[in-house]
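Structural overview for review
The lines below spell out each chain.
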Amino acid sequence: MIDTGRPFAPVARELGLGEQLLGRWVARERARLEAPEVSAAAEAGDSELEGLAPRERAVADG
């Protein structure tokens, strides 16, 4: 989508995803491409949350 400019709706349908979820993924990837050092830190934070139980993860996310 970033390279081709395809609209969210048809791509989301093809992948079986919600448009909002796909939009968040694309926004995160665009941010990563613009500032790789910042997104690397964010990904490190995300990986730390993966080891938490769902309730702990929700508290950590705020």
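In this text the structure is predicted, and so the values were computed from the model without any measurement.

Attention shifts here to the overall build of the chain. Scanning the chain for helices and strands turns up four helices and zero strands. N-terminal to C-terminal, the α/β element order of the chain is α-α-α-α. The buried share of the chain, reckoned over its 62 residues, is 10%. Of the accessible surface of the chain, which amounts to about 4,900 Å², a share of 54% is contributed by carbon and sulfur atoms.

Our focus in this paragraph is the environment of F8. Looking at the secondary structure, you find F8 in helix α1 (residues 8–15). Overall, F8 belongs to the partly exposed group, its relative accessible area being 30%. The spacing of F8 and G23 is 15 residues in sequence and 7.1 Å in space, taken between C-alpha atoms. Ignoring anything within four residues of it in the chain, the contact list for F8 reads M1, E19, L22, G23 and V26.

Let's shift gears to the confidence of the model for the chain. Where the model shows low pLDDT, its predicted coordinates should not be examined in detail. When the pLDDT values of the chain are averaged, the result is 77; 60% of them are 70 or greater. Ranking the helices and strands of the chain by mean pLDDT puts helix α2 (residues 19–34) first, with 94, and helix α4 (residues 54–61) last, with 53.

Looking now at the pattern of salt bridges. Going through the model one piece at a time under the given rule, you end up with two salt bridges. For R6, the salt bridge is made with E14, and the minimal N-O distance between the two is 2.5 Å. According to the relative accessible area criterion, R6 is partly exposed, its value standing at 36%. Residues E29 and R32 are paired through a salt bridge, measuring 2.5 Å at the closest nitrogen-oxygen approach. Note that E29 and R32 are positioned in helix α2 at a spacing of three residues, about one turn of the helix. Given the relative accessible area of 28%, E29 is considered partly exposed. According to the relative accessible area criterion, R32 is partly exposed, its value standing at 30%.

Scoring rules and cut-offs
- Residue positions are given per chain, counted from 1 along the sequence in the order it is written.
- Residues qualify for local features only when their pLDDT is at least 70, as the model is predicted, and side-chain atom pairs are given and counted only at 80 or more; totals for whole chains, interfaces and linings, by contrast, use all residues.
- By convention in this description, side-chain values take in all heavy atoms of the structure and omit both hydrogens and water.
- Starting at the N terminus, helices and strands are each numbered in turn, a helix being any DSSP run of H or I of at least four residues and a strand any DSSP run of E of at least two.
- Burial status follows relative accessibility: with a 1.4 Å probe on protein chains alone, a residue under 20% of its type maximum counts as buried, one over 50% as exposed, and anything between as partly exposed.
- Using the Shrake-Rupley algorithm and a 1.4 Å probe, accessible areas are obtained, with residue cover drawn only from the displayed protein chains.
- Whether two residues are in contact is decided by their heavy atoms, any of which lying within 4.5 Å being enough.
- Every residue is assigned a pLDDT by the predictor, reflecting its confidence on a scale from 0 to 100.
- Salt bridge criterion: a side-chain nitrogen from Lys or Arg within 4 Å of a carboxyl oxygen from Asp or Glu.

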